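# A closer look at the structure
As a plain string of letters, each chain reads:
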Amino acid sequence: MKEFALATMTAPGVTTQPAPAPIKKSSKTGRKVRDNLTGHAFLIGAVVCFALFMWFPMVRGIVMSFQRTRRGETSWVGWDNYTRIIADPSFWIAWKNTFLFTALALVVGYVLPFFIAILLNELRHAKGYLRILVYLPVMLPPASALFLFKYYAYDPSDAGLFNAVLKFLHLPTSEWMQSPTMTIPAMVIASTWMNLGSAVLIYLASLQNIPGELYEAAELDGAGVWRRIWNVTIPQTRLILALLAMLQIVATMQLFIEPLILANGAGTQDSATSVAYLIYQHGFFQNDLNGAAALGVIMLIVLAAFSAVYVRLTTKQD
């Protein structure tokens, strides 16, 4: 009792502070609920945008591919749209051109940015200036860049930039977009020039994260430039290389604006017809929305197959 009395006694002139009230569990729960509601509110906005502008058109296109609309009346026709589209000779020409463009774009537009990034990463001076110079074509609107190629670089006369260079080097000139054999390579050159800057900057960011000790160890082992690239640079940037390869395949298989502007659509002897342009032609010129939807679904399946292969390969590597 004495100890209790002493403990409760206070010095004169000193006021005791009341003990803090215990935090109620209900206030913690309410705060957590408010935080969750705020987070879900932001999430719901993104989900609604995806649903309205991506998922709904995708589902609507799949439904339309099994229907036929005539004079405002819609009927179910099953696989008729698919069989009709596949029987069209333009279907196979479009896929051949699309795959050829994708393959050439991977050879040129995928490898070239990587080596340009390695070169820029090794430079000691004017790095910022050269990065701006490389990225400058990306800042141009794609239509403006393609019109520049069409009327300035690909002019079939000697006034065209490329033909002037070939003539100066005493090499045979080309008709470029008027030639069925040169249409796809010409579109690959223009597309690579337009999109090279973005890939170079991504590769540069990845290269700068490679520890310098790895290169020093490779140099001590007597590794040359190519061996350092093969044994250090490529393994350290493997994930970025795989990701950009998949993104480039998906992007190049949706080839549309290049044939539309450079070749006025189909090109000479259908040499520029792509699957995306064929969808546009069915939907807006032939008023065949159901056939266009069937073509879109086929392209969706092909791209989904490429994506599944990529996910499977990257999962095995990890």
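It should be noted that the structure appears before, not after, this text.
Values in this document were obtained by computation on a predicted structure and should not be read as measured data.

Rules used in this analysis
Residues numbered from 1 in each chain as written. Predicted model: local features only at pLDDT ≥ 70, side-chain atom pairs only at ≥ 80, totals over all residues. Heavy atoms only, no water. Patch = residues over 30% accessible without salt bridge, like charges linked within 9 Å, V, L, I, M, F, W, Y side chains within 5 Å. Areas by Shrake-Rupley, 256 points an atom, 1.4 Å probe, with all protein chains shown as cover. Salt bridge = Lys/Arg side-chain N within 4 Å of Asp/Glu carboxyl O. Helix = DSSP H or I, 4+ residues; strand = E, 2+ residues; numbered from the N terminus. Buried < 20%, exposed > 50% of the residue type's maximum accessible area, 1.4 Å probe, protein only. Phe/Tyr/Trp six-rings, centres within 6.5 Å; stacked < 30°, edge-to-face > 60°. Contact = heavy atoms within 4.5 Å. Polar contact = N/O pair within 3.5 Å; in protein donor to acceptor, adjacent residues only side chain to side chain. Axes fitted to C-alpha atoms, helices over the stretch in contact; angles between N-to-C directions. Parallel < 35°, antiparallel > 145°, perpendicular 65-115°, else oblique. Left-handed = near helix turned anticlockwise from the far one by under 90°. Nonpolar A, V, L, I, M, F, W, Y, C, P; charged D, E, K, R; others polar.

Attention shifts here to a nonpolar patch on the surface. A cluster of nonpolar residues, Leu43, Ile44, Val47, Val48, Phe50, Leu52, Phe53, Met54 and Trp55, forms a patch on the protein surface that exposes about 920 Å² of accessible area. Examined against the element boundaries, Ile44 turns out to sit in helix α2 (residues 25-64). For Ile44, a relative accessible area of 51% gives the class exposed.

Moving on, we get to helix α13 (residues 275-285). Along an α-helix, residues three or four positions apart point the same way, because every turn accommodates 3.6 residues. Buried within α13 are the following residues: Val275, Ala276, Tyr277, Leu278, His282 and Gly283. Asn287 sits one or two residues past α13 and shows a positive phi near 55°.

Turning our attention to the packing of aromatic side chains. Enumeration over the complete set of coordinates arrives at 22 aromatic pairs. Seen from their ring centres, Tyr280 and Phe284 are 5.3 Å apart, and the 40° between their planes marks the pair as tilted. Of this pair, Tyr280 and Phe284 both sit in helix α13, 4 residues apart, which is roughly one turn of that helix. For Tyr280, a relative accessible area of 25% translates into the label partly exposed.

Moving on: the environment of Tyr154. Within the element layout of this structure, Tyr154 appears in the loop between α6 (142-153) and α7 (161-168). In sequence terms Tyr154 and Ala293 are 139 residues apart; their C-alpha atoms lie 34 Å from each other. Sequence-distant contacts of Tyr154, that is, excluding residues within four places in its chain, are made with Phe149, Phe162, Trp176, Met177, Ala186, Ile189, Ala190 and Leu262. Separated by 2.5 Å, the side chain of Tyr154 and the backbone oxygen of Ala186 make a polar contact.

With their axes 6 Å apart at the nearest point, helix α5 (residues 127-139) and helix α8 (residues 183-207) run at an angle of 135° to one another. As the angle between them shows, α5 and α8 are arranged oblique. The hand of the α5/α8 crossing is left-handed. Between α5 and α8, the residues in contact are Arg131, Val134, Tyr135, Pro137 and Val138 and Trp193, Met194, Leu196, Gly197, Ser198, Val200, Leu201 and Leu204, respectively. Its residues placed into classes, the contact of α5 with α8 shows 10 nonpolar, 2 polar and 1 charged.

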